[in-house]
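Below are the chains, spelled out letter by letter.
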Amino acid sequence: MAWVEVPGQEKVLKPLLNTVIILGLIKCANFSPQAPAYHLILEGILILWIVRLLFSKTYKLQERSDLTEKEKEDLIEEWQPEPLVPPVSKDHPSMNYDIVSGPPSHNIVVNGKQCINFASFNFLGLLDNERVKQKALASLKKYGVGTCGPRGFYGTFDVHLELEDRLAKFMRTEEAIIYSYGFATIASAIPAYSKRGDIVFVDEAACFSIQKGLQASRSFIKYFKHNDMEDLERLLKEQEIEDQKNPRKARVTRRFVVVEGLYINTADVCPLPALVKLKYKYKVRIFLEESMSFGVLGEHGRGVTEHFGVNIDDIDLISANMENAVASIGGFCCGRSFVIDHQRLSGQGYCFSASLPPMLAAAAIEALNIMEEDPDIFSVLREKCEQVHKALQGTPGMKVLGESYAPALHLQLESSSGSRETDVRMLRRIVDYCLEKQIALTLARYLDKEERFLPPPSIRVVVTVEQTKEDIDRAASCIREAALSILK
Amino acid sequence: PGDDFGKEYLFIGSSFEETPLLVAVLTYMGYGILTIFGYLRDFLRDWKIERCHIAREREEQRDFVPLYQDFENFYTRNLYMRIRDSWNRPICSVPGAKVDLVERVSHDYNWTFDYTGRVVGGVINMGSYNYLGFAENTGYCAEAAAEVTMKYGVGVASTRQEMGNLDRHEEMEALVAKFLGVESAIAFGMGFATNSMNIPALSGKGCLILSDELNHASLVLGARLSGSTIRVFKHNNMQSLEKMLRDAIVHGQPRTHRPWKKILILVEGIYSMEGSIVRLPEVIALKKRFGAYLYLDEAHSIGALGPAGRGVVDYFGLDPRDVDVMMGTFTKSFGAAGGYIGGRRELIDYLRVHSHSAVYATSMSPPVVEQIITSMKCIMGEDGTTLGEFRVKRLAENTVYFRRKMTEMGFIIYGNSDSPVVPMMLYLPAKIGAFGREMLKRNIGVVVVGFPATPIIESRARFCISAAHTKDMLDTALCVISEVGDLLQVKYSRHRRLPSLDRAFDHSIYDEIQD
């Protein structure tokens, strides 16, 4: 007497019918002439109802479509879909890419002009380091280029295991896991832990990959004002009050705080010690995204935990991409084995995607070697950041956004014209002017409609260890000239 | 098989034999016993009778909300762990037709692995997605990539829209467009991300996505992130798809009955767990009739199907302009990494401006781009050799031969007879681990898959045929598979096929062609 889920056929009624019949038969079996009158009447009604059910027409629970076949055909003929994509105008600012011919290193050829590179995130200058290239070449000669499979199916190379080991040792955590694409790292890590019903507190200035990870996780997202610990505490207190109303649910709702070490959108640093205090007070776990601060902050380049002297075990998950300081491709997460091991089966970008080509992993290992052998490189970078920061101060009509030791600064307009498009066009003209004068800069790019808190338009200025004092001075004066002539 | 890649042959060639009833019952029983033992072991671990290897939370965070629910990890702790050595096997050579595995042993039932330092050499590789044999460290492609490594380096450190757009990227995209026969193409650094980042750009709220039952996780994630309504139709079932299209257009959006803005059909060229090929002519006919858009994910079929290796569209002899969005990956047949989308110029221009990857993700590494360019030119025959053509033909021959032999031996094989992905049914959970281990003992590396990648009673072993496999390798592999199959009693097929007398194997295919 199984329930059949076929929508709206008589089988839904069959068990009901069977029950009624059986009950009726039992009743009839107990029938005896000494039964009181109401009993007989009840039997009679039951029998009549059985007869009615037996002969009644079955009805469909499915849609009672009142349309005829012809009307349906007409609807199908008439329906006009929107075009697959709306047309894009030829002079859309993002339509024409700047073309780089040759290697994207310190001296870069953009649109045919030889320039000094102030736009690529090549913080430690490892993009054209000979040792890194040699190691990558040796790896290519041994393994070829691609891995032809995900990690689970013969796509795990000894190079990957070595890189994971080295990263874990470098960051002084128990374990690390590698992804083949920087964007996918944090976007796969967050949904692996935070599911529907969990709560995530995120900074407003979080980067796009964090936003995509949060969207994929289907959790409750609560934004707190950028770097405002009081706002975060207020949200946490509100959540505590909610918890007291429903302690059973609170016991199984996980909570996370997602912050970045150095924010890519605002170039300032998160207040990590205060955050760790809040963590233990309100029992939330911290996920730290260190793409811009790995290999930059801290005495040995270990990131914002070293910079503030915070115990790395206090952070539940550190995620970073290897595409900035490490000058390779891909990303990694590191932390305790208890946390990281889970991603090996539930990180979507890890399980369902091909692994990192081994030559890129070998390049990353060599970059780590260089970082470990020569920790002075980080203080050199910090010095250069200070220089650039100082040199750009006082540019007419523009303000510098970012900490003095942040290597990726933003130059924003001091006063906006009111329309984002005009601002972008003015900034683009400044960038073009600088490209003419052989300084390569770039506009910071965003997806206007998709970003939750769209940052104001800005020019990205990136500091690398390879830039000399002359380069920096030249760039600063060039930007000043451009601003003077264009932003009159 | 040159001109016989027509429609008539195709649908007769698919087979999905039904699970024998006894086997199904035994499989459920097997899982039941494993579950009972699982609970027993958890109980013993809780009461400290058994030593616990599982990582634990920190002392300081003891009173935090637990990070994992116990039942979420039940399957991992008690079923997956026991046969964990069948997966994540590390290798230390090119993933070509033969591969070297790093030997590892476990002294505590797979909780931890120790590397003995030895290498298991010369294992026949039936697991890597190396369809056309471009996973190699010698030869023209590798040399070109080596040159580019020294000239350009390996990193780019910027996004496509900022400073990461190299001239090589544009050249590669033009070549991909030419290869596919479309107007324009754009490439991305990761195949998974190509789907998950671009489907949201193409469809949004108020749109309908009709997705095949067995679509890959990246397609499912992309559809979910887009915010459209998703409806799933039965795998490769055109009646189901037609009914859904009809209902969608006639009734419009649920509750408001407003018409849908657009309808996007998501299908794959070859489904990697089933080995089935999409019924493309019928899907295109339906799409044209109802005005929907077609998104074809050719991750496994590009390079592997078709007389010229141009994928499933070439296999059916159809017009590439009928497919609105042709997506594929470079990982499988081209020996590189990354993904691409090809289509009309307006589509690609739109993606250049609005794709998440172009704006926020680092562009592709130069040596990888070079590998794509050289391998694609090789397949197209533009490098002046017939190597590409030879490989495509050899893959087709290998596939047909292997599949025929497997069916003759009595295994249940799923999928289309031209698909180089060959799933072989195992069903019982214990046989998953046993098959993987026994094959490795005899020096053949295979991939076994179970729940949750497949339905719970349909665990399977999956073989990926490569153009790099010689006939001898295939024969050795078949012999060993038959031996292990007899040992484990996995020859479930009740349709015994007679050895085919119609067409002898074409031995001339293995005469080495001089470059």
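In this text, all values refer to a predicted model and were calculated from it rather than measured experimentally. (Residues numbered from 1 in each chain as written. Chains lettered and ligands numbered in written order. Predicted model: local features only at pLDDT ≥ 70, side-chain atom pairs only at ≥ 80, totals over all residues. Heavy atoms only, no water.)

Helix and strand content of chain A: 18 helices and 16 strands. By the compact-globule yardstick of 23 Å for 488 residues, chain A is too spread out, its C-alpha radius of gyration being 32 Å. Taken along its principal axes, the extent of the C-alpha atoms in chain A is 115 × 55 × 55 Å. Evaluated residue by residue, chain A yields a buried proportion of 55% over its 488 residues. A sequence separation of at least 24 residues applies to 68% of the contacts in chain A between residues at least 6 apart. Charge separation in chain A, taken as the distance between the mean sites of 59 positive and 65 negative side-chain charges, equals 4 Å. (Helix = DSSP H or I, 4+ residues; strand = E, 2+ residues; numbered from the N terminus. Rg over C-alpha atoms; globule rule 2.2 N^0.38 Å. Buried < 20%, exposed > 50% of the residue type's maximum accessible area, 1.4 Å probe, protein only. Contact = heavy atoms within 4.5 Å. Lys, Arg positive; Asp, Glu negative; His and termini not counted. Charge placed at Lys NZ, Arg CZ, Asp CG, Glu CD.)

Time to look at the sheet that holds strand β14 (residues 460–464) of chain B. All names here are of chain B. One open sheet holds the 3 strands; their spatial order is β11-β14-β13, and the pairing between them is antiparallel. The two strands at the open ends of the sheet, each matched to only one other strand, are β11 (421–425) and β13 (447–449). If you compare each strand with its neighbour and ignore which way they point, the axes differ by 30 degrees on average. Relative to β14, β13 is paired through 3 bridges, and the arrangement is antiparallel. For Val447, the partnering residue across the bridge sits in β14 and is Arg462. Running over the sheet, helix α14 (residues 387–409) touches β11 and β14 and is turned about 10 degrees from β11. (Pairing = 2+ DSSP bridges. Axes fitted to C-alpha atoms, helices over the stretch in contact; angles between N-to-C directions.)

Another aspect to go through is the UniProt feature "domain: Aminotransferase class I/classII large" (unreviewed entry) in chain B. The feature "domain: Aminotransferase class I/classII large" (unreviewed entry), as annotated in UniProt, sits at residues 123–478 of chain B in this numbering. Counted over residues 123–478 of chain B, helix gives 43% and strand 15%. Its end C-alpha atoms are 14 Å apart. (UniProt positions renumbered as here; feature names shortened; annotations may be inferred.)

A few words on the pattern of salt bridges. For the structure shown, the criterion picks out 65 salt bridges over all chains. Among the ionic pairs, A:Lys281 bridges to A:Glu233, the shortest N-O distance being 2.9 Å. Taken together, the residues span a long stretch of sequence, with A:Lys281 in helix α10 (residues 272–282) and A:Glu233 in helix α8 (residues 229–245) at a distance of 48 residues. A salt bridge links B:Arg404 to B:Glu408; the nearest nitrogen and oxygen atoms lie 3.8 Å apart. Of this pair, B:Arg404 and B:Glu408 both sit in helix α14, 4 residues apart, roughly one helical turn. Each of A:Glu73, A:Glu77, B:Glu242, B:Arg246 and B:Arg289 takes part in salt bridges that share partners, so that together they form one network. (Salt bridge = Lys/Arg side-chain N within 4 Å of Asp/Glu carboxyl O.)

With that out of the way, let us pick up the interface of chain A and chain B. How big an interface is tends to be reported as the loss of accessible area on association of its parts. Contacts between the two partners involve 116 residues from chain A and, on the opposite side, 114 residues from chain B. Buried area between chain A and chain B, summed over both chains or domains, comes out near 10,100 Å², and the portion from carbon and sulfur atoms is 64%. At the surface where chain A touches chain B, the tally comes to 9 salt bridges. Note that A:Arg460 and B:Glu162 form a salt bridge whose closest N and O atoms lie 2.8 Å from each other. Applying the counting rule to chain A against chain B returns 41 residue pairs in polar contact (both at pLDDT 80 or more). The biggest single contributor to the side of chain A that touches chain B is helix α4 (residues 130–143) of chain A, with 9 residues. Among the residues forming the side of chain A that touches chain B, the class breakdown is 60 nonpolar, 26 polar and 30 charged. By the bridge criterion, 2 bridges tie strand β4 (residues 156–157) of chain A to strand β1 (residues 90–91) of chain B in an arrangement that is parallel. Directly across from A:Phe157, in β1(B), lies its bridge partner B:Ile91. (Buried area = accessible area lost by both parts, 1.4 Å probe. Polar contact = N/O pair within 3.5 Å; in protein donor to acceptor, adjacent residues only side chain to side chain. Nonpolar A, V, L, I, M, F, W, Y, C, P; charged D, E, K, R; others polar.)

To continue, consider the environment of A:Ile264. Residues and elements named next belong to chain A. With respect to the helices and strands, Ile264 occurs in the loop between β8 (255–260) and α10. On a C-alpha basis, the gap between Ile264 and Leu288 in space is 13 Å, while along the polypeptide they are 24 residues apart. In contact with Ile264, other than residues within four places in its own chain, are Phe121, Cys207, Met292, His410 and Arg460.

Here we come to the UniProt feature "domain: Aminotransferase class I/classII large" (unreviewed entry) in chain A. Here the UniProt feature "domain: Aminotransferase class I/classII large" (unreviewed entry) sits at residues 114–477 of chain A. Across residues 114–477 of chain A one finds 44% helix and 17% strand; the C-alpha atoms that close the span lie 18 Å apart.

Residue and element names in this part refer to chain A. Segmentation of chain A into domains returns domain 1 (97–126 + 376–487) and domain 2 (130–373). The C-alpha centroid of domain 2 is placed 27 Å from the C-alpha centroid of domain 1. Between domain 1 and domain 2, the contact holds 25 residues from the first and 30 residues from the second. Joining domain 1 to domain 2, the criterion identifies 0 salt bridges. At the boundary of domain 1 and domain 2, one finds 6 residue pairs in polar contact (both at pLDDT 80 or more). (Domains from an automatic or database assignment.)

Let us look at unusual backbone geometry. All names here are of chain B. Positive phi is not limited to glycine here, since Tyr109 has a value of about 55 degrees. Mapped onto the elements, Tyr109 comes out in the loop between β2 (98–105) and β3 (114–125). For Tyr427, which is not a glycine, the phi torsion comes out positive at approximately 65 degrees. Examined against the element boundaries, Tyr427 turns out to sit in the loop between β11 and α15 (429–441). Residue classification places Tyr427 among the buried residues on the basis of a relative accessible area of 0%.

Turning next to helix α7 (residues 208–217) of chain A. Residues and elements named next belong to chain A. For α7, the tally of buried residues reaches 9 of 10 residues, placing the bulk of the element in the interior. Residues of α7 that are buried include every one of Phe208, Ser209, Ile210, Gln211, Lys212, Gly213, Leu214, Ala216 and Ser217, and no others. Looking one or two residues beyond α7, the residue adopting positive phi is Arg218, at roughly 60 degrees.

What follows is about the confidence of the model for chain B. Residue and element names in this part refer to chain B. For chain B, mean pLDDT is 88; residues scoring 70 or higher make up 94% of the total. Within the model, pLDDT remains below 50 along residues 1–10, and this stretch shows 12 contacts once partners closer than five positions in the same chain are excluded. Two summary scores accompany this predicted model of the complex, namely pTM at 0.88 and ipTM at 0.90. (pLDDT = per-residue confidence, 0-100.)

Our next topic: helix α9 (residues 280–290) of chain B. Here α9(B) has its buried residues at B:Leu280, B:Pro281, B:Val283, B:Ile284, B:Leu286, B:Lys287 and B:Phe290. Immediately downstream of α9(B), the backbone of B:Gly291 shows phi near 80 degrees, a positive value.

What follows covers the packing of aromatic side chains. One pass over the structure, following the stated rule, counts 24 aromatic pairs over all chains. Ring plane angle 40 degrees and centroid distance 4.8 Å describe the contact between B:Tyr39 and B:Phe74, whose orientation is recorded as tilted. Note that B:Tyr39 is positioned in helix α2 (residues 21–46) and B:Phe74 in helix α3 (residues 74–80), a separation of 35 residues in sequence. When the centroid spacing of 5.3 Å and the interplanar angle of 45 degrees are considered together, the rings of B:Phe330 and B:Tyr340 count as tilted. Linking B:Phe330 in the loop between β9 (325–329) and β10 (339–343) with B:Tyr340 in strand β10, this pair joins segments that are 10 residues apart in sequence. Both residues of the pair, B:Phe330 and B:Tyr340, count as buried. In textbook terms, an aromatic cluster arises when at least three aromatic residues are bridged by ring pairs, as seen for A:Tyr193, A:Phe256, A:Phe287, A:Phe338 and B:Tyr68. Over the aromatic face of B:Phe290 sits the side chain of B:Arg289, whose NZ or CZ is 5.1 Å from the ring centroid. We note B:Arg391 situated over the ring of B:Phe134; from NZ or CZ to the ring centre the distance is 4.7 Å. (Phe/Tyr/Trp six-rings, centres within 6.5 Å; stacked < 30°, edge-to-face > 60°. Lys NZ or Arg CZ within 6 Å of the ring centre and 35° of its normal.)

For the rest of this paragraph, the subject is the pairing of β14(B). Residue and element names in this part refer to chain B. In terms of residue burial, β14 counts as a mostly covered element, since 5 of its 5 residues are buried. Sheet analysis places β11 next to β14, joined by 5 bridges and oriented antiparallel. Bridging from a neighbouring strand, Val421 pairs with Cys464 of β14.

Residues and elements named next belong to chain A. Burial of strand β5 (residues 175–179) is extensive: 5 of the 5 residues sit out of reach of the surface. Burial along β5 is two-sided: the face carrying Glu175, Ile177 and Tyr179 and the face carrying Ala176 and Ile178 are both buried. For β5 and strand β11 (residues 331–335), the ladder comprises 5 bridges, and the chain directions are antiparallel. Bridging from a neighbouring strand, Ile178 pairs with Phe332 of β11.

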